[in-house]
Amino acid sequence: MKPMGPIPAWFAGEEGMLLVGGCGAASLVDEAGDTPLFAYDMAIIEAQVRRFRAAMPATLHLHYAIKANPYAPLLARMTDQVDGFDIASGGELAMALAAGMDPDRISFAGPGKRDDELTAAIFAGVTINLESEGEGRRALAMADKVGKAPRLAVRVNPDFDLKGSGMRMGGGAKPFGVDADRAAALARTLMDGGADWRGWHIFAGSQNLDTMAIIETQAATLALAARLSDAVGATPPLVNLGGGFGLAYFPGDVPLDIRPIGVALDSALDTLPDILKPTHFAIELGRWLVGECGVYLTRVVDVKVSQGETFVVVDGGLHHQLAASGNFGTVIRRNYPIAVANRFGADPADDPVTVVAVSAPRSIGSATRWHCRPCRKATSLPSSSPEPMAHRPAQPLFLVTQVLANYYLADYCVLNS
Ligand SMILES: Cc1ncc(COP(=O)(O)O)c(C=O)c1O
């Protein structure tokens, strides 16, 4: 049986009940009215932001990639925590603006931007990180129609990647960005076309736990930004260095220590080539900022045995936790962190169980359940589970998993602080 990933250190229990933002899991379920739900603790995010600021150069901007969790109350609270938002769609643009983020501090990356999304972004005055020459041409054409100089940056497909990343976004043929050897020409075309050129966006990979790999990639990113700026003959107002700070999801993963990254970046920013001296720099993070701030709470609805294996069936769904279900680009299924919320901290049992999430679209009041699918293998749940639930259905038994990078919208959420 495979072991589980680590429960983030920020979570504790009181008399066996998991606390989120100081509230017991059972009270949060009462407040929400039902399971499943996501419960977030804003204080965990704020502490993470403080860790970032303490470790990184004072001049470095911190941008939040809102795809990691666009829950509206959370976004509203993030506006004064970070220096900018990264968005990836017209929908996210609307959410970022509704949260109160200043359009000057929003940038829009991602291939496949439609004309209406480009128009909305230009109209709002957000920076568009262009993913191709074609997108550049369309942005200039839309800007003409809107009658506004567009704020355009070039997303570069770097000639290197972030080694050991969950997702590599450079170092070969990629759908992301413009190949490094064509990026300067595109920047020139944009300026000649009347755009307000905002600089470079160089995002080489995500979900990385290797400090040295991140340091080396940032050094390579700065060198590339300098080379491209020399080729354009202009100082970029902003260089977005990407991100890639990962989370320890799986057994054996060691949380990333960002302090050496800050030290290396500090000295790199101190010794910049002249062309980059007036430039502002940003790091763009999603999961590292918010991925450990909350939990996904489900209720056990059935316990069954099949051919000697015990299955705990919960009222969650893999449409809520696709990554944890092993269906999100994972070749080998591994166990994300999971615990029993109302037996929090109890000793693990000897007998492993398999947790099954109901894969069903739920709407408030109807709770339609279609079919069950194995969601994930959980090992060694605490010994008092799950039998009591089978005999005492009135007694709720909650399972919790770490809210990973929540790359989709949750149905029910509680924000606690
Ligand atoms: C352009 C861009 N920025 C930021 C992110 C967020 O990455 P992470 O959650 O690993 O920090 C992504 C992830 O796909 C991305 O593509």
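Above this text is the structure in question.
No experiment lies behind these values; they were computed from the predicted model shown.

Novice: Explain the environment of Asn240 to me, please; I cannot follow it from the model alone.
Specialist: If you trace the backbone, Asn240 turns up in strand β14 (residues 238-240). Considered as a pair, Asn240 and Asn129 are 111 residues apart in the sequence and their alpha carbons are 9.9 Å apart. Sequence-distant contacts of Asn240, that is, excluding residues within four places in its chain, are made with Trp200, His201, Ile202, Ala282 and Glu284.

Novice: What should I look at first to understand the sheet that holds strand β2 (residues 17-20) in this one?
Specialist: Adjacent strands of a sheet pair through backbone hydrogen bonds, lying either parallel or antiparallel. Pairing in this open sheet of three strands is antiparallel, and the strands run β1-β2-β3 from one edge to the other. At either margin of the open sheet sits one strand with a lone partner, and together these are β1 (12-14) and β3 (23-24).

Novice: I would appreciate a short explanation of the packing of helix α7 (residues 180-192) against helix α8 (residues 211-232) in the present structure.
Specialist: At a minimum axis distance of 9 Å, the contact between α7 and α8 shows a crossing angle of 45 degrees. Judged by the inter-axis angle, α7 sits oblique to α8. For the pair α7 and α8, the crossing hand works out as right-handed. Touching Ala180, Ala183, Ala184, Ala187 and Arg188 of α7 are Leu224, Leu228, Ala231 and Val232, all from α8. When its residues are assigned to classes, the contact of α7 with α8 shows eight nonpolar, no polar and one charged.

Novice: How do you make sense of the site of the ligand when you look at a structure like this?
Specialist: Close to the ligand lie 14 residues, the nearest being Ala65, Ala109, Ser206, Gly286 and Arg287. Put simply, the parts of the chain that give the shell around the ligand at least two residues each are β15 (280-285) and α10 (287-290). Its residues placed into classes, the shell around the ligand shows seven nonpolar, four polar and three charged.

Novice: Sorry, what's going on with the environment of Ala195 here?
Specialist: Looking at the element boundaries, Ala195 is found in the loop between α7 and β12 (196-201). The exposure class of Ala195 is buried, given the 22 C-beta atoms found within 10 Å. Apart from residues no more than four positions distant in its own chain, Ala195 is found in contact with Leu140, Ala149, Pro150, Leu152 and Leu190.

Novice: In this structure, what is going on with the pairing of strand β5 (residues 61-65)? I would like to understand it.
Specialist: Successive residues of a regular strand alternate their side chains across the two faces of the sheet. In the sheet, β5 pairs with β15 via four bridges, with the strands oriented parallel. Its bridge partner lying in β15, His63 is registered against Glu284. Direction of pairing for β5 relative to strand β6 (residues 84-87): parallel, over a ladder of three bridges. Residue pairing in the sheet places Ala65 in a bridge with Asp86 of β6. For the segment spanning β5, helix α3 (residues 72-78) and β6, crossover handedness is right-handed.

Conventions and cut-offs
Residues numbered from 1 in each chain as written. Predicted model: local features only at pLDDT ≥ 70, side-chain atom pairs only at ≥ 80, totals over all residues. Helix = DSSP H or I, 4+ residues; strand = E, 2+ residues; numbered from the N terminus. Contact = placed C-beta atoms within 7 Å. Pairing = 2+ DSSP bridges. Axes fitted to C-alpha atoms, helices over the stretch in contact; angles between N-to-C directions. Parallel < 35°, antiparallel > 145°, perpendicular 65-115°, else oblique. Left-handed = near helix turned anticlockwise from the far one by under 90°. Nonpolar A, V, L, I, M, F, W, Y, C, P; charged D, E, K, R; others polar. Near = placed C-beta within 6 Å. Buried ≥ 20, exposed ≤ 12 C-beta atoms within 10 Å, placed from the backbone. Right-handed = clockwise from strand over helix to strand, strands pointing away.

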